[in-house]
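Listed here are the chains, written in short residue letters.
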Amino acid sequence: MELSPVVQALIAAFEEPKPQGREGVHPTVSGTVSLLAVLYEKARNAVEFRAEHLVRRAAIERILKRRIMINGGSNTVAENLILELLWAKYIDSSLVDDAKIADIQAIINRYLSIRHKVFDAGTKPAGITWETLMGLASSEIEETMASARKREALTDFFYQAIRPKITIPGADDRLINIQTYIAIERAYNGADEALIVFHLSKMVQPDWFTQKSDPSPLVPSFLQNLASVQQSLRDPLGEPLSRYIRRHTPPFLLIRDFFLEVGDKARGVMEKPEDFDAKLAELASRRYREIGTKVRRAIVRSIIYIFLTKMLFALALEAPFDLYVAKRVSYVSLAINTLFPPILLFLVAGFISVPGADNTRRLIERIKKIIYRFDELKAENDVFAPGGQNRRPILTTVFSVFYLATFLISFGLISFLLTKLRFNIASQIIFVFFVTLVSFFAYRIRAAAREYEMVERQGFLAPVMDFFFLPILRVGHVLSREIAKINIFIFLFDFILEAPLKVIFEVAEEWIRFVRTKKEEII
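1. Remarks on the overall build of the chain
- Scanning the chain for helices and strands turns up 21 helices and 0 strands.
- In terms of overall dimensions, the chain is globule-like: its C-alpha atoms have a radius of gyration of 26 Å, near the 24 Å expected for 523 residues.
- Along the three orthogonal principal directions, the C-alpha set of the chain runs to about 75 × 70 × 50 Å.
- For the chain, the residues scored as buried account for 44% of the 523 residues in total.
- Contacts spanning at least 24 positions in sequence make up 80% of the contacts within the chain whose residues lie at least 6 apart.
- Carbon and sulfur atoms make up 62% of the accessible area of the chain, which totals about 28000 Å².
- A distance of 6 Å separates the average location of the 68 positive side-chain charges in the chain from that of its 59 negative side-chain charges.

2. A short note on unusual backbone geometry
- The phi dihedral of Lys 89 is positive, around 60°, even though this residue is not glycine.
- A residue is classified by how much of its surface remains accessible, and Lys 89, at 63% relative accessible area, is exposed.
- Unlike most non-glycine residues, Arg 422 shows phi in positive territory, near 65°.
- Here Arg 422 shows up in the loop between helix 18 (393–420) and helix 19 (425–449).
- When its relative accessible area of 58% is taken as the criterion, Arg 422 is described as exposed.

3. Thoughts on the side chain of Ser 139
- Among the structural elements, Ser 139 can be located in helix 6 (residues 130–145).
- Looking at Ser 139, the relative accessible area reads 1%, which means it is buried.
- In this structure Ser 139 touches Arg 57, Ala 194, Leu 195 and Phe 198, once residues within four positions along its chain are discounted.

4. Observations concerning helix 18
- For helix 18, built from 28 residues, the straight-helix expectation of 40 Å at 1.5 Å per residue is met to within 8% by its first-to-last C-alpha distance of 41 Å.
- When we look at burial in helix 18, the residues that qualify are Thr 406, Ser 410, Phe 411, Ile 414 and Leu 418.
- Backbone geometry just after helix 18 places Arg 422 at a positive phi near 65°.

5. Some points on the environment of Ala 284
- Looking at the secondary structure, you find Ala 284 in helix 15 (residues 273–324).
- Of the residues examined, Ala 284 reaches a relative accessible area of 1% and is grouped as buried.
- For the pair Ala 284 and Thr 360, spaced 76 residues apart in sequence, the C-alpha separation works out to 6.5 Å.
- For Ala 284, the contacting residues outside a window of four places in its chain are Leu 254 and Thr 360.

6. Observations regarding the nonpolar core
- Ranked by internal contacts, the top residues of the largest apolar core, which has 61 residues, are Phe 258, Phe 259 and Ile 371.
- The greatest single-element share of this core, amounting to 9 residues, is contributed by helix 15.
- Those residues in contact with Phe 258 that lie beyond four places of it in its chain are Gly 263, Ala 266, Val 269, Met 270, Phe 276, Lys 279, Leu 280 and Leu 283.
- Within the second largest apolar cluster, 51 residues are counted, among which are Val 55, Tyr 111, Leu 112 and Ile 196.

7. A few points about the pattern of salt bridges
- As enumerated under the stated definition, the model contains 39 salt bridges in all.
- The salt bridge involving Glu 506 is made with Arg 67; its shortest N-O contact spans 2.6 Å. With Glu 506 in helix 21 (residues 488–522) and Arg 67 in helix 3 (residues 55–71), this pair connects stretches of sequence that are 439 residues apart.
- Assessed through its relative accessible area of 25%, Glu 506 is described here as partly exposed.
- A salt bridge links Glu 365 to Arg 361; the shortest N-O distance between them is 3.2 Å.

8. A look at helix 9 (residues 193–204)
- The end-to-end C-alpha separation of helix 9 is 16 Å, in line with the 16 Å expected for 12 residues at 1.5 Å each.
- Considered for burial, the residues of helix 9 that qualify are Ala 194, Leu 195, Ile 196, Val 197, Phe 198, His 199, Leu 200 and Ser 201.
- Structurally, helix 9 contributes buried residues whose contacts are with helix 3, helix 6, helix 7 (149–162), helix 8 (173–187), helix 10 (207–210) and helix 11 (219–233).

9. So, the packing of helix 7 against helix 13 (residues 249–262)
- Helix 13 packs onto helix 7 with a crossing angle of 150° between their chain directions and a minimal axis gap of 11 Å. With respect to the hand of their crossing, helix 7 and helix 13 are arranged in right-handed fashion. Along its contact with helix 7, which presents Leu 154, Phe 157, Phe 158 and Ala 161, the element helix 13 presents Thr 249, Phe 252, Ile 255, Arg 256, Phe 259 and Leu 260.

10. Topic: a nonpolar patch on the surface
- A contiguous nonpolar patch, built from Met 69, Ile 70, Leu 492, Phe 495, Ile 496 and Leu 497 and spanning about 580 Å² of accessible area, is present on the exposed surface.
- If you list the elements that add at least two residues to the nonpolar patch, you get helix 3 and helix 21.
- The dominant element in the nonpolar patch, judged by the number of residues it contributes, is helix 21, at 4 residues.
- When you line up the elements, Leu 497 lands in helix 21.

11. So, the packing of aromatic side chains
- Following the criterion strictly, the structure yields 19 aromatic pairs and no others.
- Ring geometry for Trp 87 and Phe 505: centres 5.8 Å apart, planes at 85°, overall edge-to-face. Pair noted here: Trp 87 is in helix 4 (residues 77–87) and Phe 505 is in helix 21, with a separation of 418 residues, a long-range link.
- Classification of Phe 505 as buried rests on a relative accessible area of 5%.
- Between Phe 258 and Phe 276, the aromatic rings sit 5.1 Å apart at their centres with planes inclined by 70°, giving edge-to-face as the arrangement. Taken together, the residues Phe 258 in helix 13 and Phe 276 in helix 15 connect sequence positions 18 residues apart. Across the pair, Phe 276 and Phe 258 agree in class, each one buried.

Each value, and the rule that gives it
Residues numbered from 1 in each chain as written. Predicted model: local features only at pLDDT ≥ 70, side-chain atom pairs only at ≥ 80, totals over all residues. Heavy atoms only, no water. Helix = DSSP H or I, 4+ residues; strand = E, 2+ residues; numbered from the N terminus. Rg over C-alpha atoms; globule rule 2.2 N^0.38 Å. Buried < 20%, exposed > 50% of the residue type's maximum accessible area, 1.4 Å probe, protein only. Contact = heavy atoms within 4.5 Å. Areas by Shrake-Rupley, 256 points an atom, 1.4 Å probe, with all protein chains shown as cover. Lys, Arg positive; Asp, Glu negative; His and termini not counted. Charge placed at Lys NZ, Arg CZ, Asp CG, Glu CD. Expected span 1.5 Å × (residues − 1). Core = buried A, V, L, I, M, F, W, Y, C linked by side-chain atoms within 4.5 Å. Salt bridge = Lys/Arg side-chain N within 4 Å of Asp/Glu carboxyl O. Axes fitted to C-alpha atoms, helices over the stretch in contact; angles between N-to-C directions. Left-handed = near helix turned anticlockwise from the far one by under 90°. Patch = residues over 30% accessible without salt bridge, like charges linked within 9 Å, V, L, I, M, F, W, Y side chains within 5 Å. Phe/Tyr/Trp six-rings, centres within 6.5 Å; stacked < 30°, edge-to-face > 60°.

Structure below.
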């Protein structure tokens, strides 16, 4: 069976021989210190809600900022960074040796050259901060340690499949290409802004990332291209295009699972359609079973995050209001505001159902068309239409007014019920705060649980419920985005606890190494 060159390229990327293990000196760390570092990282990550596949890059950025702030332009920044990553088990020692550490130090020096020549000189490039550069550096360092070749091959495969369906009147191909890639990174890969900026920058100016000598001549063009990339992330086309891409992700997610599992055996399995069907069905069933575990883990993380970062702070405001303004403590409102958020999340989890056999059949049929008849995809009618023509403007205006009215109806009903329960104004504000925030987290968890669904299941009354529930989700979305910037626990961990704690870890590491050396001398 003749496969499309695009499919052949994806298969070939997974048939490439694995890189040989590096023969240099691999750093080692103490198991005792590592256990303490892992516990610290778990506590630190609990106060920041972040997708699990982005935690390591964020940790690299956080450690890098602190090390540069403490050590400046020291040539030991890379070595100390790797040491901390090994402590926390973000990487295995087999991934790094002395040569790899030297490569990482060269990356750090490249970005430090921008700091010295641009930021320290008093120049502020438009829209570019030191945090932007640290996000780039951390992304590049992570890719240097762990190859992203397979990830890039899968992303390119999705891009080649979806790009012919996207046409935007009046837009040039370069804009469409960039926005399509950004949408795939967001909807398919779940990448954060730092990773997207890094991958786009590599495409726009690859010589910056391969520069071995003085990077000064490249700095002006690099900053100019970086500003252009950041502007692309704010394009209004991004949101509707991401929604369109997200609708097409289920079969490509299962294709990714298939290739990551079978690796270089993919060609042999695909040559036997029966074996291919069986493997896809097995993978789909496994992913469905994992949904329950994923949902429970997400709920626990959400509860911990909300409780540690928001609830303690809010309840600390409610109790003083009750004591000094209302002159009485409302134990009913305190109990409801404390217990309702986790109960709501667990209730949501109870109503999440996994896809069934019909969904698996649809997935397999779609994947077989993508793999075996790839060139037919461009002829499909499901094309992206930005905005769309408003055929009934009067109805749209009526619906918009009604939608605004649902804000008053939804929150008015909540306020009415809370007043009946003798909630004061502070308690009501805190209740609405948590209901909207928890509802938004619950919505995200439900969306994550449905990532393999080909057709969205919807009950008879679901559109009506959604319409009145949308205001709560909208407010929760705004609150989660804006209040995430105000996290006192992140400040506590990053600027008060982490630096002295890591010094203690370093001293302990050196002491254990010293004792081990002395024991070896005796033996």
